Amino acid sequence: MSDLNAFRSQVRTWLAGHAAEFGVEARRGLSEADDLALARRWQRTKYDAGYAGISWPKIYGGAGLSELEQAIFAEEEAKFNFGTSYFGISLGQPIPVMLKYASEDLRQRFAHPALKGEEIWCQLFSEPAAGSDLAGIRLRAVRDGDDWVLNGQKLWTSWAQYSDYGVIVTRTDPTVAKHKGLTYFWLDMKTPGITVRPIRLANGEEDVNEVFFDEVRIPDSQRLGPVGGGFGVAIDTLMIERYSAADEAGFGPALDSFVSLAKATTIDGKPAIEDGRTRREIANAFRQQRALVAIRTKTFMALQEGAEPGAEGSIHKLVSMRLRQRLSAAAMDLKGAMGAELDPHAFPKDDWAHSWLTVPTLRIAGGADEMLLNTIAERLLGLPQDYRPDKAVPFDQIQPSR
Amino acid sequence: MSDLNAFRSQVRTWLAGHAAEFGVEARRGLSEADDLALARRWQRTKYDAGYAGISWPKIYGGAGLSELEQAIFAEEEAKFNFGTSYFGISLGQPIPVMLKYASEDLRQRFAHPALKGEEIWCQLFSEPAAGSDLAGIRLRAVRDGDDWVLNGQKLWTSWAQYSDYGVIVTRTDPTVAKHKGLTYFWLDMKTPGITVRPIRLANGEEDVNEVFFDEVRIPDSQRLGPVGGGFGVAIDTLMIERYSAADEAGFGPALDSFVSLAKATTIDGKPAIEDGRTRREIANAFRQQRALVAIRTKTFMALQEGAEPGAEGSIHKLVSMRLRQRLSAAAMDLKGAMGAELDPHAFPKDDWAHSWLTVPTLRIAGGADEMLLNTIAERLLGLPQDYRPDKAVPFDQIQPSR
Amino acid sequence: MPYLYSDEQNQIREEVRRTLSGTADPATLRRLLETSGQYDEGYWQTARDMGWTAMNVAEADGGLGLSLVETMIVAEETGRVLAGAPFLATGFAAAHALKLGDEPELLGALAGGQKIVALAFSEGNEPLPLDPAVTIGPDGRVAGEKTAVLGGAVADMALILCRDAGGVPAIALIDLNSAGVTRAAIPSIDNSRCLAALSFDGATATVLPLNDAALVARQCLARLALHLASEGVGGIEACLKMAADYANQRQAFGQAIGKFQAVKHAISEIYVANELARASVLDAAVRLENGDDDAEAYVAAARLNANHGYDYAAAATTQVHGGIGVTWEAEPHLHYRRARSLALEAGGATYWEDRIASYLEAA
Amino acid sequence: MPYLYSDEQNQIREEVRRTLSGTADPATLRRLLETSGQYDEGYWQTARDMGWTAMNVAEADGGLGLSLVETMIVAEETGRVLAGAPFLATGFAAAHALKLGDEPELLGALAGGQKIVALAFSEGNEPLPLDPAVTIGPDGRVAGEKTAVLGGAVADMALILCRDAGGVPAIALIDLNSAGVTRAAIPSIDNSRCLAALSFDGATATVLPLNDAALVARQCLARLALHLASEGVGGIEACLKMAADYANQRQAFGQAIGKFQAVKHAISEIYVANELARASVLDAAVRLENGDDDAEAYVAAARLNANHGYDYAAAATTQVHGGIGVTWEAEPHLHYRRARSLALEAGGATYWEDRIASYLEAA
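All residue numbers refer to position in the chain's written sequence, counted from 1. Labels follow written order: the first chain is A, the first ligand is 1, and so on. Confidence filtering applies because this is a predicted model: local features only for residues at pLDDT of at least 70, side-chain atom pairs given and counted only at 80 or more, and all residues used for totals across whole chains, interfaces and linings. The side-chain values count all of the structure's non-hydrogen atoms but skip hydrogen atoms and water molecules.

Draft legend 1. Focus on the overall build of chain A. Under the DSSP-based scheme used, a helix requires at least four consecutive residues in state H or I and a strand at least two consecutive residues in state E, with every element numbered from the N terminus. Looking only at helices and strands, one finds 13 helices and 10 strands in chain A. The quantity called the radius of gyration is restricted to C-alpha atoms. Its globule counterpart is 2.2 Å times the number of residues to the power 0.38. On C-alpha atoms alone, chain A measures out to a radius of gyration of 23 Å, which is about the 21 Å that the 2.2 N^0.38 rule sets for 402 residues. Structurally, chain A occupies a C-alpha span of about 75 × 50 × 45 Å along its principal axes. Burial status follows relative accessibility: with a 1.4 Å probe on protein chains alone, a residue under 20% of its type maximum counts as buried, one over 50% as exposed, and anything between as partly exposed. Residue burial in chain A is summarised as follows: out of 402 residues, 56% are buried. Residue contacts are counted whenever heavy atoms from the two residues lie within 4.5 Å of one another. A separation threshold of at least 6 residues defines the contact pool for chain A, and within that pool the share at least 24 residues apart is 72%. Note that accessible areas follow from Shrake-Rupley with a 1.4 Å probe, and for residues the cover is restricted to the protein chains shown. Here chain A has roughly 15,900 Å² of accessible surface; of this, 52% comes from carbon and sulfur atoms. For the charge count, each Lys or Arg is scored as positive and each Asp or Glu as negative, with His and the chain ends excluded. Note on charges: their place is set at NZ of Lys, CZ of Arg, CG of Asp or CD of Glu. When the 47 basic and 54 acidic side-chain charges of chain A are each reduced to a single mean position, those positions are 4 Å apart.

Here it is, written out as structure tokens:
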């Protein structure tokens with residue numbers, strides 16, 4: 001533990017030294033293009049210092065340390081609100097999958113530029129009719145000699161508008177059961193026939209996209225895994241559950257900030273912090289957030305002893321996001337009529353209204369609450385799967401969404 | 001409306017005049033046998049005064065008035081906590097079904113004694129493997145000449161231990177789909193082969209029973225509705241949704257009593273009524289209870305104009321019972337360590353701990369919360385029924401509960 | 001006063017709904033969200049043309065003299081379509097003070113839709129400050145600041161809750177376009193509500209001749225709350241329909257998602273919330289119309305039921321819609337924003353909870 | 001101090017669980033519910049024989065000198081099987097004051113299981129009255145009443161939080177079988193908890209020589225709360241298993257009821273509650289063991305997590321079981337009763353919420 005503590009304090013010092021140049025204050029008010037440029041420089045700075053791929057092998061540009069050092073770095077880094085989100089998917093799923101399924105040449109070719117922030121990768125999975133239901137995707141890939149020709153549409157593709165490359169699941173055989181007719185590829189996002197159209201989200205941001213495929217031709221050499229084996233590779237991609245940097249406030253404002261607000265406001269002329277309703281709100285947040293931290297500490301220690309991550313991520317997401325929604329609304333209530341104010345330049349981590357506005361997206365993206373509860377029931381508690389009438393039916397005989 | 005107001009005030013006066021003899025104070029501490037005897041005298045007193053079957057036709061001992069007068073009487077009567085529960089099922093479902101399906105002779109024979117409280121009827125529907133799923137019942141009735149022979153078991157039969165007669169749903173054909181092989185009868189509870197065994201409930205009371213049928217022989221003349229038509233008669237029985245006496249506190253203690261408690265106790269040395277948590281609890285109860293009363297008022301007016309009762313009963317049960325559970329627990333919290341005290345002679349309507357202990361039964365009996373939500377979704381909102389794999393399958397091919 | 005709508009009232013609802021269906025639409029609101037201080041002019045022109053501004057003003061004062069029930073029908077329908085302006089609500093609340101304060105001319109102009117009047121009551125986070133920081137001198141000069149005034153970015157006039165030279169609360173009427181008034185639109189989660197900060201620095205206002213200005217302010221706030229609650233009921237009902245339709249149509253794992261109990265029950269809960277809120281609002285309107293002493297507690301119940309119900313309905317509808325539900329182009333976020341905005345506009349939950357608790361405490 | 005159990009700790013758990021599986025059972029608890037003031041003598045004999053009473057008492061004082069973590073393991077296992085006596089909890093809390101108050105003999109008797117000691121702190125609905133109504137004179141005579149003392153119907157001795165002649169809080173040790181003490185068992189939702197009202201009328205007690213009796217009382221209460229929270233975690237886990245088993249086995253509408261999302265998700269929520277409560281209790285135990293200044297706030301979090309989780313788990317398990325769940329012979333009501341009783345025994349929710357709020361307020 002003491003080595004890790006030393007690592008943490010070394011990281012903290014290093015990060016603090018770069019906060020002015022790359023941190024939250026440097027980012028405030030920037031256009032997204034400028035913010036991305038700053039983020040790329042930050043990523044490069046980390047790469048040069050050996051902090052970009054802490055748990056990656058050295059030959060791919062990493063530092064060859066464990067997931068624990070990686071997690072410590074991420075936790076400390078999160079405190080400064082650096083611009084890291086653009087690279088989260090890229091380095092989180094596509095590149096690790098390439099490192100597992102692609103040739104050594106390709107690994108060398110792609111790992112370094114991605115780590116440096118020079119190249120960004122996206123993950124082309126969800127579609128309009130297949131969100132929670134990944135095996136329901138329709139985008140067709142048809143074999144033509146040594147190539148495959150792709151037609152169809154992807155949806156919710158994070159950062160596709162900035163991506164140089166992507167990994168994709170396609171349907172290559174619609175006559176077999178839905179899970180069996182899928183095949184997985186990587187591709188250059190500049191391949192002719194690909195059109196990316198950003199989607200504006202409810203909070204006004206545009207971090208996800210629609211991606212249209214019109215006669216997009218890619219060679220079979222870009223296939224990852226066997227023909228018809230795409231669902232397995234896709235699940236493999238999603239299961240790259242590293243011990244990710246978690247935040248007990250669900251990346252919303254910290255509880256301290258709620259307490260400060262409660263001290264600064266009144267209810268019926270008396271300090272709000274003395275009102276039982278406020279006190280219950282604070283206690284509810286504290287008890288749950290501290291429990292999440294304790295679960296994290298426990299997991300962290302288990303990882304040190306070689307255990308695999310379990311359901312902690314699902315619990316964390318479920319509890320922290322609900323709590324963030326509730327606490328954000330309560331903070332808005334405390335501010336009274338001014339609670340509705342929405343400063344366009346604030347970040348969700350600093351601002352209750354932004355936090356409240358963004359949280360519904362987070363209760364859906366990356367596993368909706370309902371899916372998380374299903375996963376807990378089925379994987380951990382041995383409860384049966386819901387009825388799934390389309391499971392054994394050939395895909396082309398399934399009734400589409402109207 | 002003014003006629004109804006006059007009726008209400010007349011009823012109130014009459015009830016108040018009998019409260020000392022039959023009301024809550026007269027009942028306190030009585031054994032169940034003595035309480036039943038007192039309740040029978042009270043039922044007879046109402047019969048003699050024309051208040052026992054207010055909305056029933058005069059020839060069956062009723063007063064020939066409308067459901068509205070009936071409802072007003074029930075609302076006023078509920079305030080005194082008279083012993084009426086023994087007759088609730090008897091007069092609520094079996095006798096009305098007899099009045100609809102039986103011969104005129106039988107109607108005359110049974111209506112008066114039931115109204116007078118001399119004879120009690122039960123409703124033999126649920127079984128161990130068929131609670132929410134009424135069509136899943138197994139109790140067999142096999143034709144033998146002019147008779148039917150019944151074998152099997154019923155469960156959750158309210159007041160069977162005091163019942164003289166009952167109505168019953170049986171399975172007469174297990175080779176057809178579950179809804180289609182049922183037949184409905186009435187029977188004398190003293191018929192040989194019937195054994196009644198009271199079930200103790202979690203709150204210590206014994207108002208429901210197991211009823212065992214061992215070669216119980218009844219004539220075909222006691223059949224109500226066609227052979228194989230039992231499900232329809234059963235649904236008819238359950239749909240006799242009269243405008244029943246509702247209580248916004250879910251027949252738990254009134255909100256006033258919570259307010260009094262909050263005035264009499266402290267939180268951290270200050271009056272609990274001044275604590276925001278208590279104030280929120282009170283406001284949440286008030287807003288929901290007053291809304292339930294407003295819904296009732298609206299329904300009442302609609303009934304006066306000839307409308308049929310709708311989903312109000314489901315909403316009322318769902319909301320009032322949840323609220324009763326929550327408010328009862330909150331009241332126990334207010335009392336601190338003494339909140340766990342359970343006076344064996346108190347009634348749920350007067351006592352928070354009793355109320356809290358009894359409410360889980362009420363969130364299951366007569367339609368569990370989950371079933372109520374399903375009903376609302378399917379009947380009112382046009383949402384599809386859950387998957388029911390056994391719907392079209394012959395009953396004898398359905399996998400039983402393990 | 002009946003709890004069932006009369007044929008005439010049902011006709012009014014039909015007419016309002018028909019009119020609005022051609023006027024207010026989500027695209028307009030989406031556009032309004034982009035900048036602060038703007039409202040849906042088309043909708044507002046319609047509201048004036050149709051006489052909705054005049055409904056609850058007495059005929060003698062230039063209005064239509066309809067009851068609160070009709071007014072709430074209009075409020076509900078405007079809430080259902082997320083109409084992009086809050087001036088019916090503020091005008092309805094202000095009319096009460098203008099009537100009692102003997103301002104027939106402005107009352108007539110308000111009824112006729114020529115003037116928009118806002119309530120400048122709240123300070124900091126207190127919706128009804130007991131001891132207002134904004135002052136009015138013997139010369140009618142006002143000094144101080146009111147924040148987050150609903151409709152304040154656009155209104156012509158405002159009623160200011162202030163403290164007079166004797167330290168007594170007063171309600172003063174001010175022309176917001178007069179000298180010494182500065183207003184700054186506040187960017188908010190629902191910009192169509194036209195929130196603004198109002199600064200008074202030597203501007204001149206007229207104190208309304210009221211016996212008990214604090215009481216009248218409280219009554220105005222209750223009327224504002226009731227109107228907003230009614231808008232909320234319309235919003236809940238819109239969410240209910242949207243969620244049920246989507247759950248019937250959207251397929252996942254080979255069946256309509258409405259077959260999954262998590263989805264199905266969430267929608268049933270919206271229904272329950274809607275029934276509670278709807279009945280509660282009507283109940284409060286009837287009691288307020290009757291002049292019942294305890295009407296404020298019932299307004300509080302209505303407001304809390306509407307706010308809880310709408311906050312829940314908007315969030316649940318979003319969740320039922322999945323990814324689509326959190327896009328800018330979809331409707332759920334419009335309700336999510338409006339629900340929260342309504343809940344903050346006339347005093348937060350604690351204020352109204354305290355109204356109920358104090359009422360029962362004293363009973 | 002690690003957050004993972006050592007092999008030794010896991011062995012202790014296995015042993016405790018094995019021992020209890022032959023000792024405590026629901027039938028015994030059901031019998032105990034019938035009358036007030038009785039406890040499970042078989043279980044209590046086992047607890048003494050196994051040395052559970054001695055675990056957290058120092059070796060020098062006649063105990064085993066194990067850490068809080070081992071003590072909490074035993075607490076959890078006793079909670080899991082609904083053991084019918086609360087004396088491990090009260091003894092664990094009392095030991096703290098006896099140690100500081102220099103009562104080695106009684107501490108040894110407590111560790112050896114010869115004496116049962118209760119905490120007589122609460123008055124009315126205040127778990128830790130700042131200004132106790134029970135008084136102790138210079139002659140050691142106690143006067144006044146303590147209600148709802150956990151284990152008080154059976155305990156040999158009690159620690160009384162009282163006010164001395166100078167008006168200063170004191171903790172006094174009293175023999176409950178001595179003259180001038182009257183005790184009345186209180187019928188309760190879980191009679192095995194042996195609640196009693198204690199009246200003192202001239203009984204003689206010994207004031208413990210403590211620097212700050214109020215602080216020590218507060219620490220004792222925190223230890224009681226932690227023990228009860230740990231019992232609660234065991235209860236939640238028992239509910240989780242029971243609900244999942246039943247949902248897998250019970251069929252309705254042609255399939256296991258666990259396939260219906262309403263049932264399935266309710267059970268997943270029990271799992272989540274269990275994980276939160278379990279981690280929270282361990283966290284608090286580690287901090288208390290470390291002697292952290294802020295440990296009380298974490299005990300508060302643990303207690304609230306355990307109470308919320310157990311109240312929820314017991315109610316949800318009942319609901320999953322349907323009709324069977326509300327019968328006397330089924331287990332859910334035993335948990336439903338125990339959960340609520342635990343939640344009331346060492347101060348209600350508001351007391352512990354205030355501990356957290358005050359801690360953060362001052363931070």
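Draft legend 2. Spatial organisation of the interface of chain C and chain A. On the side of chain A, 55 residues touch chain C, which itself brings 41 residues to the contact. When two components associate, each loses some accessible surface as probed by a 1.4 Å sphere; the sum of these losses over both components is called the buried area. With both sides pooled, the region where chain C packs onto chain A buries about 4,200 Å², and carbon together with sulfur makes up 57% of that total. Together, Phe253(C), Gln319(C) and Tyr336(C) form the three largest contributors to the area buried by chain C at its contact with chain A, with a combined 19%. The rule for a salt bridge is simple: a side-chain nitrogen of Lys or Arg has to be within 4 Å of a carboxyl oxygen of Asp or Glu. Between Asp333(A) and Arg340(C) there is a salt bridge whose closest N-O contact spans 3.3 Å. What qualifies as a polar contact is a pair of N or O atoms within 3.5 Å, subject to a donor-acceptor requirement within protein and to the restriction that residues adjacent in sequence count only when both atoms come from side chains. Joining chain C to chain A, the criterion identifies 22 residue pairs in polar contact (both at pLDDT 80 or more). Listing elements by their share of the side of chain C that touches chain A, those giving two or more residues are strand S3 (141-149), helix H7 (213-249), strand S8 (251-252), helix H9 (295-321), helix H10 (332-345) and helix H11 (349-362) of chain C.

Draft legend 3. Spatial organisation of the interface of chain D and chain A. Contacts between the two partners involve 43 residues from chain D and, on the opposite side, 40 residues from chain A. Carbon and sulfur atoms make up 67% of the surface buried where chain D meets chain A, a total of about 3,600 Å² over both sides. On the surface where chain D and chain A come into contact, there are six salt bridges. Of the charged contacts in the structure, one is a salt bridge between Glu378(A) and Lys264(D), with a shortest N-O distance of 2.6 Å.

Draft legend 4. Looking closely at the environment of Ala313(D). Residues and elements named next belong to chain D. Tracing the backbone through its elements, the reader meets Ala313 in helix H9 (residues 295-321). Between the alpha carbons of Ala313 and Ile267 there is a distance of 8.2 Å; along the sequence they are 46 residues apart. Residues within four places of Ala313 in sequence aside, it is in contact with Ile236, Cys239 and Ile270.

Draft legend 5. Representation of the environment of Phe300(A) in the model. Residues and elements named next belong to chain A. With respect to the helices, strands and loops of the structure, Phe300 is situated in helix H10 (residues 276-304). Overall, Phe300 belongs to the buried group, its relative accessible area being 7%. A C-alpha to C-alpha distance of 37 Å links Phe300 and Lys178, two positions 122 residues apart in sequence.

Draft legend 6. The arrangement of the UniProt feature "domain: Acyl-CoA oxidase/dehydrogenase middle" (unreviewed entry) in chain A in detail. UniProt positions are given in the numbering used here, feature names are shortened, and annotations may be inferred rather than shown by experiment. Feature annotation in UniProt assigns "domain: Acyl-CoA oxidase/dehydrogenase middle" (unreviewed entry) to the following positions: residues 122-216 of chain A. The span residues 122-216 of chain A shows a helical share of 0% and a strand share of 52%, and its end C-alpha atoms are spaced 17 Å apart.

Draft legend 7. Up close: the packing of helix H5 (residues 87-100) of chain C against helix H6 (residues 104-111) of chain C. All names here are of chain C. Axis geometry follows a simple rule: fit a line to the C-alpha atoms, using only the stretch in contact for helices, then measure angles between N-to-C directions, giving values from 0 to 180 degrees. Between H5 and H6, the least distance of the axes is 9 Å, while the angle of their chain directions is 160°. Classified by the interaxial angle, the pair formed by H5 and H6 is roughly antiparallel. Handedness of the crossing formed by H5 with H6: left-handed. In this structure, H5 contributes Gly91, Ala94, Ala95, Leu98 and Lys99 to the contact, and H6 contributes Leu106, Leu107 and Leu110. Under the convention adopted here, Pro, Cys and the residues Ala, Val, Leu, Ile, Met, Phe, Trp and Tyr are nonpolar, Asp, Glu, Lys and Arg are charged, and Gly plus all remaining residues are polar. Considering only residue class, the contact of H5 with H6 consists of six nonpolar, one polar and one charged. Relative orientations are named as follows: roughly parallel for angles under 35 degrees, roughly antiparallel for angles over 145 degrees, roughly perpendicular for angles from 65 to 115 degrees, and oblique for any other angle. Two helices cross in a left-handed way if the nearer one is turned anticlockwise from the farther one by less than a right angle. They cross in a right-handed way if the turn is clockwise.

Draft legend 8. Geometry of a nonpolar patch on the surface. Residue and element names in this part refer to chain A. The patches described consist of residues with a relative accessible area above 30% and no salt bridge, like charges being joined within 9 Å and nonpolar side chains (Val, Leu, Ile, Met, Phe, Trp, Tyr) within 5 Å. The grouping of Ile235, Leu238 and Met239 at the surface amounts to a nonpolar patch, some 240 Å² of accessible area in total. Structurally, the position occupied by Met239 is in the loop between helix H8 (230-238) and helix H9 (255-264). On the basis of relative accessibility, which here comes to 44%, the residue Met239 falls in the partly exposed class.

Draft legend 9. View of the domain arrangement of chain A. Residue and element names in this part refer to chain A. Where a domain begins and ends is set by an automatic assignment or by a domain database. Here the domain parsing of chain A yields domain 1 (120-230) and domain 2 (245-379). For domain 1 versus domain 2, the distance between C-alpha centres works out to 34 Å. Facing four residues of domain 1, the contacting portion of domain 2 comprises four residues. Inspection of the domain 1/domain 2 interface yields zero salt bridges. Of the residues contributing to the side of domain 1 that touches domain 2, the split by class is two nonpolar, two polar and no charged.

Draft legend 10. Region of interest: the environment of Tyr387(A). Tracing the backbone through its elements, the reader meets Tyr387(A) in the segment after helix H13 (369-380). Discounting residues that sit within four places of it in the chain, Tyr387(A) has contacts with Tyr387(B), Gln255(C) and Phe260(C).

Draft legend 11. Highlighting the pattern of salt bridges. All names here are of chain B. Evaluation of the coordinates by the stated rule reveals 119 salt bridges over all chains. The closest approach of N and O atoms between Glu76 and Arg12, which form a salt bridge, is 2.9 Å. Here the residue Glu76 occupies a position in helix H4 (residues 67-78), and Arg12 occupies one in helix H1 (residues 2-22), the gap between them amounting to 64 residues. Glu76 sits in the buried class, given a relative accessible area of 1%.

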